[in-house]
Amino acid sequence: LLGYAWQQGWVPLGLASILRAIELNAVAVDNNKAAFTWGRRAAVNLASVQNLYAPAQVVSMPAPRQGLDALVARRVEFLTGYQNAAYAQSYAALVARVQAAEERLPEAVRGKNLLSQAVARGLFKLMSYKDEYEVARLHTQSGFEQQIQAMFEGDFKINYHLAPPLLARRNDKGELQKSQFGPWMASAFRLLTRFKGLRGTPLDVFGYTEERRSERALIDSYRASIEEVIASLNAANHAAAIELARIPEQIKGYG
């Protein structure tokens, strides 16, 4: 806008003064100079500038679906960080049992182990529910603060808007309401991450809420259903088994 206005003669300053002011401001100098220049060009020939940034047709090819081994390996790595190696291996073990049962079917029926892939995705989704420990881990171990620092310059602070089930107020409908927590929450996250080993144990103070009990119950229910499926898996019920295994994909959001 400044470049456009200056080119139109509406800003009573010389070009050198404008550019020097940008330099003295010392914030994104090159980008601001470029923006000023593009504004000047737009004032002279707006159509030519618009043509340069008009999006061309983009043809995006869908990424190939991962093979089962790669799919499981990535999720085992994630679940190890989420809880521990034993937790991750319990996930891998059930997927392996499904795969073994599916391999006994004719290749024309099992295809590319569609049931095993569905279980690998569905069980992982249930086992990686986002509780207080996981929120803390993702904020402290995923480069979140570094990403924020790369996006902003100067002095700023981070506030967190959270609705912890044990602390949050509820509205008239019984829904949890978020509250604002200051930058000190980052330290609380780092401390809380160290206690993720308590997840699901009697010492897990968060685990007694209805939401957390439901999440753990879903895992057990899904495991029991899949065990029942593979015990009687055959060519006739393979398609139905895949539908059942994909039920967790219908879960949206959290809670």
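Residues numbered from 1 in each chain as written. Predicted model: local features only at pLDDT ≥ 70, side-chain atom pairs only at ≥ 80, totals over all residues. Heavy atoms only, no water.

**Here we look at the overall build of the protein chain**
- Each helix and strand counted, the protein chain has 13 helices and two strands in total.
- The C-alpha radius of gyration computed for the protein chain amounts to 27 Å, which surpasses the reference 18 Å derived for 255 residues by more than 25%, pointing to a less compact arrangement than a globule.
- For the protein chain, the C-alpha atoms occupy an extent of roughly 85 × 50 × 40 Å along the three principal directions.
- Long-range pairs, those at least 24 residues apart, make up 61% of the contacts in the protein chain between residues at least 6 apart in sequence.
- The averaged location of the 24 negative side-chain charges in the protein chain is 4 Å from the averaged location of its 30 positive side-chain charges. (Helix = DSSP H or I, 4+ residues; strand = E, 2+ residues; numbered from the N terminus. Rg over C-alpha atoms; globule rule 2.2 N^0.38 Å. Contact = heavy atoms within 4.5 Å. Lys, Arg positive; Asp, Glu negative; His and termini not counted. Charge placed at Lys NZ, Arg CZ, Asp CG, Glu CD.)

**Thoughts on the packing of aromatic side chains**
- For the structure on display, the rule yields 10 aromatic pairs.
- Ring geometry for Phe-181 against Trp-184: centres 6.1 Å apart, planes inclined by 70°, an arrangement best described as edge-to-face.
- When the ring centre of Trp-38 is taken as origin, the NZ or CZ atom of Arg-41, which lies over that ring, is 4.8 Å away.
- One Lys or Arg, Arg-137, reaches over the ring of Phe-78 and ends 5.0 Å from the middle of that ring. (Phe/Tyr/Trp six-rings, centres within 6.5 Å; stacked < 30°, edge-to-face > 60°. Lys NZ or Arg CZ within 6 Å of the ring centre and 35° of its normal.)

**Thoughts on the packing of helix α2 (residues 15-25) against helix α3 (residues 29-44)**
- At a closest axis distance of 9 Å, the pairing of α2 and α3 adopts a crossing angle of 150°. As summarised for this structure, α2 and α3 are arranged roughly antiparallel, according to the angle between their axes. When you trace α2 past α3, the crossing you get is right-handed. On the side of α2, the interface is formed by Leu-15, Ile-18, Leu-19, Ile-22 and Glu-23, while α3 contributes Val-29, Asn-32, Lys-33, Phe-36 and Arg-40. (Axes fitted to C-alpha atoms, helices over the stretch in contact; angles between N-to-C directions. Parallel < 35°, antiparallel > 145°, perpendicular 65-115°, else oblique. Left-handed = near helix turned anticlockwise from the far one by under 90°.)

**Regarding the nonpolar core**
- If you look at the biggest cluster of nonpolar residues, it comprises 33 residues, and the most contacted ones within it are Val-72, Leu-79, Tyr-91, Leu-115, Val-119 and Ile-226.
- At the level of elements, α5 (68-82), α6 (85-103), α8 (114-127), α12 (210-231) and α13 (238-245) are the ones that each hand at least two residues to this core.
- With near-sequence residues (within four places) excluded, Leu-79 lies in contact with Asn-84, Tyr-87, Ala-88, Tyr-91, Phe-124, Met-127 and Ser-128. (Core = buried A, V, L, I, M, F, W, Y, C linked by side-chain atoms within 4.5 Å. Buried < 20%, exposed > 50% of the residue type's maximum accessible area, 1.4 Å probe, protein only.)

**Things to note about the pattern of salt bridges**
- Following the criterion strictly, the structure yields nine salt bridges and no others.
- Glu-23 is the salt-bridge partner of Arg-20, the closest N and O atoms lying 3.1 Å from each other. Note that Arg-20 and Glu-23 are positioned in helix α2 at a spacing of three residues, about one turn of the helix.
- Ionic pairing is found between Arg-212 and Glu-132, a salt bridge with its closest N-O pair at 3.0 Å. Within this pair, whereas Arg-212 is found in helix α12, its partner Glu-132 is found in helix α9 (residues 132-141), the two being separated by 80 residues in sequence. Each member of the pair, Arg-212 as well as Glu-132, is classed as buried.
- Residues participating in the shared-partner salt-bridge network are Glu-132, Glu-211, Arg-212 and Glu-215. (Salt bridge = Lys/Arg side-chain N within 4 Å of Asp/Glu carboxyl O.)

**Description of α6**
- With 19 residues, α6 should reach 27 Å at 1.5 Å per residue; the first-to-last C-alpha distance of 26 Å fits that figure.
- Every buried residue of α6 is accounted for by Tyr-87, Ala-88, Tyr-91, Ala-92, Leu-94, Val-95, Val-98, Ala-101 and Glu-102.
- Tucked inside the fold, the buried residues of α6 contact α5, α7 (107-110), α8, α12 and α13.
- N-capping of α6 is provided by Asn-84, with a side-chain oxygen placed 3.2 Å from the backbone N of Ala-86. (Expected span 1.5 Å × (residues − 1). Polar contact = N/O pair within 3.5 Å; in protein donor to acceptor, adjacent residues only side chain to side chain.)

**Some details on the packing of α8 against α12**
- Relative to each other, α8 and α12 sit at 160°, their axes nearing to 9 Å. Taken together, the axes of α8 and α12 are roughly antiparallel relative to one another. Here α8 runs over α12; the crossing is left-handed. For the pair α8 and α12, the contacting residues are Ala-118, Val-119, Gly-122, Leu-123, Leu-126 and Met-127 in the first and Leu-218, Ile-219, Tyr-222, Arg-223 and Ile-226 in the second.

**Observations regarding the environment of Ile-158**
- Along the chain, Ile-158 turns up in the loop between α10 (144-151) and β1 (160-162).
- Spatially, the C-alpha atoms of Ile-158 and Phe-181 are 9.0 Å apart, while their sequence positions differ by 23 residues.
- Each residue touching Ile-158, except ones within four places of it in the same chain, is listed here: Phe-144, Ile-148, Gly-182 and Pro-183.

**Considering the environment of Gly-143**
- Tracing the backbone shows Gly-143 in the loop between α9 and α10.
- Assessed through its relative accessible area of 23%, Gly-143 is described here as partly exposed.
- In this structure, the C-alpha to C-alpha distance between Gly-143 and Leu-192, residues 49 residues apart in sequence, is 17 Å.

Nothing here speaks to function; it is geometry throughout.
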